[in-house]
Amino acid sequence: MSNKSWDNISSATKSVWAGEEENFVEGAAQVPIVNSVSYSYDDLDEWFDVATGKRKGHIYSRNTNPTVTVFEEKMRILEDAEAATSFATGMAAISNILFSLLSPGQRVVSVKDTYGGTSVVFLDHLPRFNINVTMCETHDQDAIEAEIFKECDLLYLETPTNPTMKILDLKRLIAAGKKMGAIIVVDNTFATPINQNPLTLGADLVVHSATKFIGGHSDALGGVVCGSADLIQKIYEFREINGATLDANSAYLLIRGLKTLDIRIEKQNKNAMALAKFLLNHDKVEQVFYPGLESDIGHEIAKRQMKGFSGMLSFSLKGGFDAVRNFLPQIRFAHRAAHLGGVETIVGPPRTTSHVELSEKQRLDLGIPESLIRCSVGIEAIQDIIADFDQALNSI
Ligand SMILES: *Cc1c(COP(=O)(O)O)cnc(C)c1O
């Protein structure tokens, strides 16, 4: 890839051009989808050099593929990282990080509000390998810090969290993790590189479900991890063997989606802020969770560490789950789905989506009211979104 510097180049330009400065085959101006499993060599010496990494090129698409490489390079540059590697899904990225870097007897410190699939890895899978995971109360930064100082080999953070948009103090917790020599991983899916750059705050690895805002069009699954070259190499070597590789067709869709990342996120940040303010003043709404609101408990920290407050918010209705049952079908311009980060507005109750396996009591323990609705605000015109939510709320 190009050796030109990306210093002082803005994210909007990076999302369009990064990874694409090189000429593609036959002068194609757009990234070709290379659906080839292998790459053939007439020259055995060249083949050997590529296979042993002495020369650029590809051998077998479980390992590397030209389309996938462009996606990784775009993400690497957007996250200002030394290296990046990609996966079939966000969960593949997360589990590959954990299983490639951890060993029996080690200790992970994290929080209770991590993404549902990540929690399952923490609760059901890592312990089978004698890896101890402590999941702290997400809102209690003192308690998280105290756990880190006991012993910590890997610190796994996620902010803002799902679904109540809690904010972790990245600078403080990363500093604590560093003191203990831990590898520090941040799931940046909700924020995106436009709103938050954990690597610049000292994290070692940043991971995304590219399925969400990165792709942005709800038509491709993917995952990516960016960070230091040595850690990425270890993770890549594990993925190369377990085979959780990103497919070239999905990589193309993610590249295409990434080109508009900056304008999508800018609009979604604005729309979410306006919708949050509208909901805050609506008499059918009980509570609004959005770190952009000055009244939100995470606001001050979010203001320090984020450039925008993201397109995600959640809110609870007065009247319990019955109110949700009445409200959701009335929304015209939103998918009712277990997904987020697309150009369309997407709504869903954690009770039937992200936290469906939990009991009502477990949800309440996590601070998730039964009448909570998670909302991924799309790029529609904000006056239409607000009018739509208003009519649906008034019909409860
Ligand atoms: C969706 C999601 C994941 C998992 O990503 P998949 O692509 O669905 O495997 C991980 N972390 C967060 C925060 C997510 O929203």
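A quick note: this is a predicted structure, and the numbers were derived from the prediction, not measured. (Residues numbered from 1 in each chain as written. Predicted model: local features only at pLDDT ≥ 70, side-chain atom pairs only at ≥ 80, totals over all residues. Heavy atoms only, no water.)

## Focus: the site of the ligand
Move 1: What surrounds the ligand is a group of 14 residues, the closest being Gly90, Met91, Asp187, Thr211 and Lys212.
Move 2: A distance of 2.8 Å separates an oxygen atom of the ligand from a polar atom in the backbone of Met91.
Move 3: Within the side chain of Thr211, one N or O atom sits 2.6 Å away from an oxygen atom of the ligand.
Move 4: Coverage of the ligand by the protein chains reaches 93% of its 380 Å² of free accessible surface.
Move 5: Among the elements that take part in the shell around the ligand, helix α4 (residues 90-101) stands out by supplying 3 residues, more than any other.
Move 6: Taken together, the residues that form the shell around the ligand break down as 5 nonpolar, 6 polar and 3 charged. (Near = heavy atom within 4 Å. Polar contact = N/O pair within 3.5 Å; in protein donor to acceptor, adjacent residues only side chain to side chain. Areas by Shrake-Rupley, 256 points an atom, 1.4 Å probe, with all protein chains shown as cover. Helix = DSSP H or I, 4+ residues; strand = E, 2+ residues; numbered from the N terminus. Nonpolar A, V, L, I, M, F, W, Y, C, P; charged D, E, K, R; others polar.)

## Let's talk about the domain arrangement of the protein
Move 1: According to the domain assignment, the protein contains domain 1 (3-258) and domain 2 (262-394).
Move 2: Put simply, the middle of domain 1 and the middle of domain 2, counted by C-alpha atoms, are 27 Å apart.
Move 3: Of the roughly 2900 Å² buried where domain 1 meets domain 2, counting both sides, 59% is carbon and sulfur surface.
Move 4: At the boundary of domain 1 with domain 2, the tally comes to 1 salt bridge.
Move 5: Elements with a minimum of two residues in the side of domain 1 that touches domain 2: α1 (11-17), α7 (170-179), α8 (192-195) and α10 (248-258). (Domains from an automatic or database assignment. Buried area = accessible area lost by both parts, 1.4 Å probe. Salt bridge = Lys/Arg side-chain N within 4 Å of Asp/Glu carboxyl O.)

## Quick look at the pattern of salt bridges
Move 1: For the coordinates displayed, the defined rule picks out 18 salt bridges.
Move 2: The residue Glu72 makes a salt bridge to Arg239 at a minimum N-O spacing of 3.7 Å. With Glu72 in helix α3 (residues 66-78) and Arg239 in helix α9 (residues 229-242), the pair connects residues that are 167 residues apart, well separated along the chain. The residues Glu72 and Arg239 share a single accessibility class, namely buried.
Move 3: Ionic pairing is found between Glu137 and Lys112, a salt bridge with its closest N-O pair at 2.6 Å. Residue Glu137 is located in the loop between β3 (132-136) and α6 (141-150), and its partner Lys112 is located in the loop between β2 (107-111) and α5 (116-125); the two are separated by 25 residues in the primary sequence.
Move 4: Glu137 sits in the partly exposed class, given a relative accessible area of 32%.
Move 5: Accessibility expressed as a relative area gives 34% for Lys112, which makes it partly exposed.
Move 6: Residues participating in the shared-partner salt-bridge network are Glu20, Lys74 and Lys259. (Buried < 20%, exposed > 50% of the residue type's maximum accessible area, 1.4 Å probe, protein only.)

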